[in-house]
Amino acid sequence: MMAGRRLIVLVGPKGAGKTTVGKLLMGSIEGVHFFEVERVFIAEMAKSSHGAMHRSFERVESQLILLRQAHQTVVVESTGAGSAFETHLARYRAIFPVVLLVQISTPSDVCLARCRARSLEGQIDVSEARVRSHNITAADVSLPWDLQLDNGGSELDTARIVAAVQDLIRASQQRLRQQLPGLEIADGFARTSSSDGDVTAEHSPVGTALTESAAATAAAGAGAAAGAAGAAAGGAVSYTHLR
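Peer 1: Got a minute to help me understand the nonpolar core in this structure?
Peer 2: One recurring pattern in soluble globular proteins: nonpolar side chains tend to sit buried together. I8 and L25 are the most contacted members of the largest nonpolar core, which totals 25 residues. Residue assignment for this core shows that the elements contributing at least two residues are β1 (6-11), α1 (18-28), β2 (32-34), β4 (98-105), β5 (147-151) and α7 (158-179). Sort the elements by how many residues they give to this core and α7 lands first, with seven residues. Contact partners of I8, with chain neighbours within four places excluded, come to T73, V74, V75, V76, L100, V102, V165 and I169. Grouped together as the second largest cluster of nonpolar side chains are 23 residues, F35, F57, I95 and V99 included.

Listed below in structure tokens is the structure:
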């Protein structure tokens, strides 16, 4: 697993604004890459509906391993409503030292209106009734959020969104250093130092940087990073119109 690598999971109902936020972050923050998971599902279902979910998650995990080697921060989207979400979240944590959960909450009527109006490009085509049913479940998803975005308004405050996520990334990096005091992260390299200051190992972005136990410790501290970011922002962050 990679030191200094993190995954941000944008969680919210269909139409909440996950894709727009992901693209915004990729275009605004250096080292961030947005991986559109839904496109993988669309491609696999086009081949054959039989076993499409299993094949899709296998492809997603394989791609995430490659992206982890190339980017400091990877962003994915999810409604969090599927029965297998907790299983896949655990798999994400096995791939990335730090996984950060960002909730995008939007009123159901706003989500539905956006789903009606938007293009189906990069979106799974489902009936309105199914969107309603799925979003009821998605709205009830409760996780230890590292950041919460309220997207019920009509304006997109890009500067505040980017600033809040940058704060979250910095807080997670600081937390990782606190969990692993002998670890230095700079220019994409992780250095592990002994107590007397000697560098005992240096790992490139494509090498193995953390032991399993150290990575588990770092992952366990990911939620605490949100406390630092939330305190800096004065609690939960509220934004508008993230379509």
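Past the structure itself, the notes keep going.
Peer 1: Help me understand the pairing of β4, please; the structure alone is not making it clear to me.
Peer 2: Looking along a regular strand, one sees side chains alternate from face to face of the sheet. Taking burial as the measure, the eight residues of β4 include seven buried ones, the bulk of the element. When β1 meets β4, the two strands line up parallel, connected through six bridges. From the neighbouring strand, L10 faces β4, where its bridge partner is V102. Note that β4 and β5 share four bridges and pair parallel. Note on β5: the bridge partner recorded for V102 is L147.

Peer 1: Would you mind showing me how to read the packing of α1 against α7 here?
Peer 2: The packing of two helices is summarised by the inter-axis angle and the distance between the axes. Packing of α1 against α7 leaves a shortest axis separation of 10 Å and a crossing angle of 75°. Taken as axis vectors, α1 and α7 run roughly perpendicular relative to one another. On α7, the residues that touch V21, L24, L25 and S28 of α1 are T158, I161, V162 and V165. Across the contact of α1 with α7, the residue classes break down as six nonpolar, two polar and no charged.

What counts as what
For every chain, the first residue of the written sequence is number 1, and numbering continues from 1 along that sequence. The predicted origin of the model limits local features to residues at a pLDDT of at least 70 and limits the giving and counting of side-chain atom pairs to 80 or more, whereas totals for whole chains, interfaces and linings rest on all residues. For the side-chain quantities, the full set of heavy atoms in the structure was used; hydrogens and water were omitted. In this description, a nonpolar core means a group of buried Ala, Val, Leu, Ile, Met, Phe, Trp, Tyr and Cys residues linked to one another through side-chain atoms lying within 4.5 Å. Between buried and exposed lies partly exposed: a residue is buried under 20% and exposed over 50% of the maximum accessible area for its type, with that area taken using a 1.4 Å probe on protein chains only. The secondary structure listing takes helices from DSSP runs of H or I that are at least 4 residues long and strands from runs of E that are at least 2 residues long, numbered from the N terminus. Contact definition: two residues touch when any of their heavy atoms are within 4.5 Å. Whether two strands pair comes down to DSSP finding at least two bridges between them. Orientation is described by lines fitted to C-alpha atoms, with helices fitted over the stretch in contact, and by angles between N-to-C directions that extend from 0 to 180 degrees. What sets the label is the angle itself: under 35 degrees gives roughly parallel, over 145 gives roughly antiparallel, 65 to 115 gives roughly perpendicular, and the rest give oblique. Residues are grouped as follows: Ala, Val, Leu, Ile, Met, Phe, Trp, Tyr, Cys and Pro are nonpolar; Asp, Glu, Lys and Arg are charged; all remaining types, including Gly, are polar.

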